[in-house]
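Observations on chain architecture
Residues per chain, in single letters:
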Amino acid sequence: FTKMNLNQKVKAGLLFLTACFYSNAQGQDFSFKNYNWDTKETKVEIPAKYKDEKEVILERNVKIEFVPGKDGALQYYLSHEKIYINSDEAVERNNKIYVPYGSNENVIATKARVLLKSGKVIELKKSDIKEETDEERGVKYKYFAVNGLEKGAVVETIFILEEEPELKGHTIRMQDEYPIAKGTFQLIYPDHLVFRTKGYNGLSEPVITEKAPSAKFTTLTVSEADTPALDDDENYSNWNNNIKRFRYKLDANLASGAKNLFNFKEFSTNLYDRFHPEYSKKDQNAINDFCKGIAKSNDVQEQVWNIENKIKKTINYSRYIDSKETLQDILKSKQANQTDIIRLYIAVFTTMGIENNLVFTSSRYKKPFDADFESYENLDELLFYFPSVKKYMTPLEVEYRIPLIPRELAGTNGLFIKEKSFAGTKMGIGEIAMIDIPGAEITHDIMDITIDFSKDIENPLVTSKIQFGGY
């Protein structure tokens, strides 16, 4: 949802809201600002049960703390990890330690060191940080170049980041493809905030402790010991759905009396209102002219296909394009970001009288949608649903056409925003439902083979035509 920029108009309100959350916490400093490893430790004792493992996460300690900042509420993120390296594959995998930061994050601290089996300690410096570019994606990465790594060594890292608060929903993984000897997650927040939480796949229950009354901060802790690796892909078709994990979101603010924050009902109402405005005469005329260039059909699915094909072939979509003020601007520039392309689709569907639902969901392989836990974290992918033909369309992926959609968005739940009328007023109502996997009729493989014996019976001319489609 964040990457879609659909909440730009409510961002100012959110900043005000989060500022109110922290109104009672004046000038607090985050608790792990001076966090460090044990400087006297030169050798890590490997538990007997893990000595023969190829790779083990001996310790993973994650802390997230919400504090006031100069420009509103901020969160600070700490990651402290120790990894036991005991195979050539593990050496190769860990000889680059990537610095985990994004464009909206400030790196407060980055530290890395290697504890060799001999007791020698190699402490990496900032000068050891290199940069590489993923040419295909156009993304740059910074990483520590680890020299001298060998089997039997332990790699230890500490990262502290300053970020925007993740209040609308976030998931912490407590299990990995390698064993975790000790895993801890702590959420630290002002005591007038209430978080809704949920653990999955046998995760330990969180323990909540309050500091001295003068501190006015609460700490939520989830601890796991000797968590086995979950690395058998043959047993787990959806690995992320089967790992132990912890999910949280801000649910209430006792200071202001706000309850049931970031709920799907409010989300649905706001999104519907935003994407169903009263169009200006100039915008409606521009849409009417655009629709004249779309082939007409009495078959709803074919008509949607024609609309989708027209928009995807004439409007250049990129989520990095600046938002346009009007629909005219979108059509004139032939460029649109995610918000603008949705505005355009809905305007065309409305003008051509095609009933549709906007559907928000998430990849079932990355962030499984939990129908019982309302989290905006699960609202970061988009589809359109057409009730009259019971088919879906993906508005963003240019290589797809109705009824084919990305497979990771099918076979999972989604939030369907439906139009309802109350006393003559139209509004959006959110309903959670399963997104059906497109039927077998769209997957086909047809071979048309002709063998011509007329010229040479021993050496016939063979021609073939192959048609295939679907998943």
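For the structure, see preceding data.
For the structure given in this document, a descriptive report is provided here. (Residues numbered from 1 in each chain as written. Predicted model: local features only at pLDDT ≥ 70, side-chain atom pairs only at ≥ 80, totals over all residues. Heavy atoms only, no water.)

Things to note about the pattern of salt bridges
Inspection of every chain in the model, using the stated rule, returns 20 salt bridges. The partner of Glu-156 in a salt bridge is Arg-113, and the shortest N-O contact between them spans 2.8 Å. With Glu-156 in strand S8 (residues 154-163) and Arg-113 in strand S4 (residues 106-115), the pair connects residues that are 43 residues apart, well separated along the chain. On the accessibility criterion, Glu-156 (0% relative accessible area) is buried. Owing to a relative accessible area of 2%, Arg-113 belongs among the buried residues under this scheme. (Salt bridge = Lys/Arg side-chain N within 4 Å of Asp/Glu carboxyl O. Helix = DSSP H or I, 4+ residues; strand = E, 2+ residues; numbered from the N terminus. Buried < 20%, exposed > 50% of the residue type's maximum accessible area, 1.4 Å probe, protein only.)

A closer look at the sheet that holds strand S20 (residues 391-393)
Strand order across the open sheet formed by five strands is S20-S19-S18-S21-S22, with antiparallel pairing between neighbours. The open sheet is flanked by S20 and strand S22 (425-435), the only strands paired with a single partner. Sheet twist, expressed as the average angle between the axes of neighbouring strands with direction ignored, equals 30°. Inspection of the sheet shows strand S18 (residues 357-361) paired to strand S21 (residues 412-422) by three bridges, in the antiparallel sense. Looking at the pairing, Phe-360 lines up with Leu-415 of S21. Here helix H4 (residues 264-275) sits on the sheet in contact with S18, S21 and S22, set at roughly 125° to S22. (Pairing = 2+ DSSP bridges. Axes fitted to C-alpha atoms, helices over the stretch in contact; angles between N-to-C directions. Contact = heavy atoms within 4.5 Å.)

A short note on the packing of helix H6 (residues 300-314) against helix H8 (residues 338-351)
Taken N-terminus to C-terminus, the directions of H6 and H8 make an angle of 145°; their axes are 11 Å apart at the nearest point. Seen from above, H6 lies across H8 with right-handed handedness. Where H6 approaches H8, its residues Ile-307, Glu-308, Ile-311 and Lys-312 are matched on the opposing element by Ile-341, Leu-344, Tyr-345, Val-348 and Phe-349. Grouping the amino acids of the contact of H6 with H8 by side-chain chemistry returns seven nonpolar, no polar and two charged. (Left-handed = near helix turned anticlockwise from the far one by under 90°. Nonpolar A, V, L, I, M, F, W, Y, C, P; charged D, E, K, R; others polar.)

What about unusual backbone geometry?
Cis geometry is found at the peptide bond from Ile-402 to Pro-403, where omega equals 10°. Residue position: Pro-403 is located in the loop between S20 and S21. Positive phi, normally seen in glycine, also occurs at Asn-201, with a value near 60°. Despite not being glycine, Lys-334 shows a phi value in the positive range, around 60°. Along the chain, Lys-334 turns up in the loop between helix H7 (327-333) and strand S17 (335-336). For Lys-334, a relative accessible area of 46% puts it in the partly exposed group.

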